[in-house]
Amino acid sequence: EGVMLSAPRPETPVLLIVGKDDPTANQAALETTRKLIPQVQIELIDGVGHWVMVECMDHINESIPQFVQNVVAGMQTKL
């Protein structure tokens, strides 16, 4: 098991888009990310490796605006 460093935890919503074929995004790394950033939304994309922004640009271009819309809508309901 790895060492967890103490660091400030962001309170803002976080979107992490990860290719399932990315060797750096193994299950342990994703679990650590969830521990460090509990409000993270992780999207795993089949057939994509480490260069998500190049390998599936269309998905990125759809996911980010949708995520922002959801965050804004969630903020408006809290007002």
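Note that the coordinates shown come from a computational prediction; the quantities given were computed from them, not determined experimentally.

Caption draft 1: View of the pattern of salt bridges. Tallied over the full model, the rule gives one salt bridge. In this structure, Lys20 engages Asp46 in a salt bridge whose closest nitrogen and oxygen atoms are separated by 2.9 Å. Placement of Lys20 in the loop between strand 1 (14–19) and helix 1 (27–36) and of Asp46 in the loop between strand 2 (40–45) and helix 2 (52–55) is noted, with a sequence separation of 26 residues between them. On the accessibility criterion, Lys20 (47% relative accessible area) is partly exposed.

Caption draft 2: View of the nonpolar core. In terms of nonpolar packing, the biggest core is built from seven residues, these being Val14, Val18, Ala25, Leu30, Ile37, Val40 and Ile42. Secondary-structure elements contributing two or more residues to this core are strand 1 and strand 2. Sequence-distant contacts of Val40, that is, excluding residues within four places in its chain, are made with Val14, Leu16, Thr33 and Arg34. Formed by six residues, the second largest nonpolar core is a distinct cluster that contains Ile45, Val48, Cys56 and Ile60.

Caption draft 3: Main features of the pairing of strand 1. Where strand 1 meets strand 2, six bridges bridge the pair, whose relative direction is parallel. Bridging from a neighbouring strand, Val14 pairs with Val40 of strand 2.

Caption draft 4: Region of the structure containing helix 3 (residues 57–78). The end-to-end C-alpha separation of helix 3 is 32 Å, in line with the 32 Å expected for 22 residues at 1.5 Å each. All buried positions along helix 3 are accounted for by Ile60, Ser63, Phe67 and Val71. The buried side chains of helix 3 occupy one side of the element, clustering within an arc of 70° when seen end-on. For helix 3, the exposed residues lying more than 90 degrees away from the buried face are Asp58, Glu62, Gln69, Gln76 and Thr77. Residues of helix 3 that are buried make contact with strand 1, strand 2 and helix 2.

Basis of the calculations
- Within any chain, residue numbers begin from 1 and follow the written order of that chain's sequence.
- Local features in this predicted model are restricted to residues whose pLDDT is 70 or higher, and side-chain atom pairs enter the listing and the counts only when it is 80 or higher, whereas totals over whole chains, interfaces and linings include all residues.
- Only heavy atoms go into the side-chain values, all of them from the structure, while hydrogens and water stay out.
- Note on definitions: salt bridges are taken to be side-chain nitrogens of Lys or Arg within 4 Å of carboxyl oxygens of Asp or Glu.
- Counting from the N terminus, the helices are the DSSP runs of H or I reaching at least four residues and the strands are the DSSP runs of E reaching at least two.
- Each residue gets one of three labels from its accessible area relative to the maximum for its type: buried under 20%, exposed over 50%, partly exposed in between, using a 1.4 Å probe on protein chains only.
- Residue types Ala, Val, Leu, Ile, Met, Phe, Trp, Tyr and Cys, when buried and joined through side-chain atoms within 4.5 Å, form a set referred to as a nonpolar core.
- The criterion used for residue contact is that any of the two residues' heavy atoms lie within 4.5 Å.
- Any two strands with at least two DSSP bridges between them are considered paired.
- The span you would expect from a helix comes to 1.5 Å times its residue count less one.
- Working note: the arc is built from the helix axis to C-beta atom directions.

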